[in-house]
Amino acid sequence: MRADFSAWMASHQSGFEDVLRNLLPQGDIAPERLHQAMRYSVLDGGKRVRPLLAFAAGELSSADVARVNIAAAAVELIHAYSLVHDDMPCMDDDVLRRGKPTCHVQYDEATALLVGDSLQSLSFQLLSEHRLCDDPATQLAMIRLLAEASGSRGMAGGQAIDLMSVGKQLTLPELEFMHIHKTGALIRAAVLLGAQCGNASADQLQRLDRFGKCVGLAFQVVDDVLDASEDTATLGKTAGKDAEFGKPTYVSLLGLQEARKMAESLHRDALEALSGFGPEAGRLRELADFIVLRKF
Ligand code: GRG
């Protein structure tokens, strides 16, 4: 990883932490416990990959950073809600997330449910109360994009398929369908929302869409590889759960080596989708590298 990219990433991660701190309800505002649990679940953790993709796409389209901050926060709040709900006993039943006890362990199940609900509502509240771009019709389309990406035709739908697939053998196309929805949809939305805060043309958005799809799927393939090859301390979440619970993954279907090759192939496809752009897409290229080469 180039030093310049590490510095860019660190500065955005730290600036974005302040953005989230300010946007989330303070912990001393009633209902205090719910607000504290929301802050616990969102702050001080996570790689912030989706916000970073939004920032990089925003740079490409010369977007106002203050606007991208809101779009990035909306996506990250949806992501955080999905992790809180995913960790609950009715889903993955996990005790560790981002190196900390999961929300329902630290607080309780009912609170975790409400944290997820409230983060999701806050996400759409932000998108509707802040100006994201000059054209109101584009802003409405952006809100719709995130709604679709996170709902039953996107992330929640992918999660439903995931839950139904435990103990089953899926075909490669079925596995791809599940992951494109569960993980890929929100990553794709992050790229497009960041770009739409600026002046991306329809043609540019189409190429970014392709990039988002490839990098979103690559992210999940790498996640499957890491779950099978890294330890709990490195990941900050319980390692080896996919195999333990008989979950179909790229590793269970293809084996570790072929899954790694697939991630590399998706990485190439993602970079290819950016080939018509110049240096303005540099951060997106570096993020694609980071997503595929990461170790956590
Ligand atoms: C509950 C509606 C609902 C959806 C849950 C995202 C998800 C769907 C479940 C999370 C479980 C999981 C391990 C998904 C695979 C990929 C993924 C989203 C990993 C976590 O994302 P990272 O690595 O996490 O970006 P950090 O902590 O860095 O933000």
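First, a word on scope: everything that follows refers to the structure included in this document.

Rules and cut-offs
- Residues numbered from 1 in each chain as written.
- Predicted model: local features only at pLDDT ≥ 70, side-chain atom pairs only at ≥ 80, totals over all residues.
- Heavy atoms only, no water.
- Axes fitted to C-alpha atoms, helices over the stretch in contact; angles between N-to-C directions.
- Helix = DSSP H or I, 4+ residues; strand = E, 2+ residues; numbered from the N terminus.
- Parallel < 35°, antiparallel > 145°, perpendicular 65-115°, else oblique.
- Contact = heavy atoms within 4.5 Å.
- Nonpolar A, V, L, I, M, F, W, Y, C, P; charged D, E, K, R; others polar.
- Near = heavy atom within 4 Å.
- Polar contact = N/O pair within 3.5 Å; in protein donor to acceptor, adjacent residues only side chain to side chain.
- Areas by Shrake-Rupley, 256 points an atom, 1.4 Å probe, with all protein chains shown as cover.
- Core = buried A, V, L, I, M, F, W, Y, C linked by side-chain atoms within 4.5 Å.
- Buried < 20%, exposed > 50% of the residue type's maximum accessible area, 1.4 Å probe, protein only.

1. Examining the packing of helix H14 (residues 256–273) against helix H15 (residues 282–293)
Their axes nearest at 10 Å, the elements H14 and H15 cross at an angle of 175°. As the angle between them shows, H14 and H15 are arranged roughly antiparallel. Between H14 and H15, the residues in contact are Ala263, His267 and Leu271 and Arg285, Ala288, Asp289 and Val292, respectively. Residue composition of the contact of H14 with H15, grouped by class: four nonpolar, one polar and two charged.

2. Structural notes on the site of the ligand
Around the ligand sit 19 residues in total, of which Lys47, Arg50, His79, Asp86 and Arg98 are the nearest. One nitrogen or oxygen atom from the side chain of Lys47 is found 2.6 Å from an oxygen atom belonging to the ligand. The contact in question runs from an oxygen atom of the ligand to an N or O atom on the side chain of Arg50, over 2.8 Å. Relative to its free-state accessible area of 700 Å², the ligand is covered by the protein chains to the extent of 92%. Within the residue set of the shell around the ligand, elements represented by two or more residues are helix H4 (65–86), helix H8 (155–165), helix H9 (172–196) and helix H10 (202–229). Of all the elements, H4 adds the most residues to the shell around the ligand, at six residues. Here the residues of the shell around the ligand are counted per class, giving five nonpolar, seven polar and seven charged.

3. Some points on the nonpolar core
Counting residues in hydrophobic clusters, the biggest one holds 78 residues, and the most contacted among them are Leu53, Leu119, Leu146, Leu208, Phe211 and Leu284. At twelve residues, H4 tops the list of elements feeding residues into this core. Discounting chain neighbours no more than four positions away, the residues touching Phe211 are Leu53, Val191, Ala270, Ala273, Leu274, Leu284 and Ala288. Grouped together as the second largest cluster of nonpolar side chains are 18 residues, Leu217, Ala218, Ala259 and Leu266 included.

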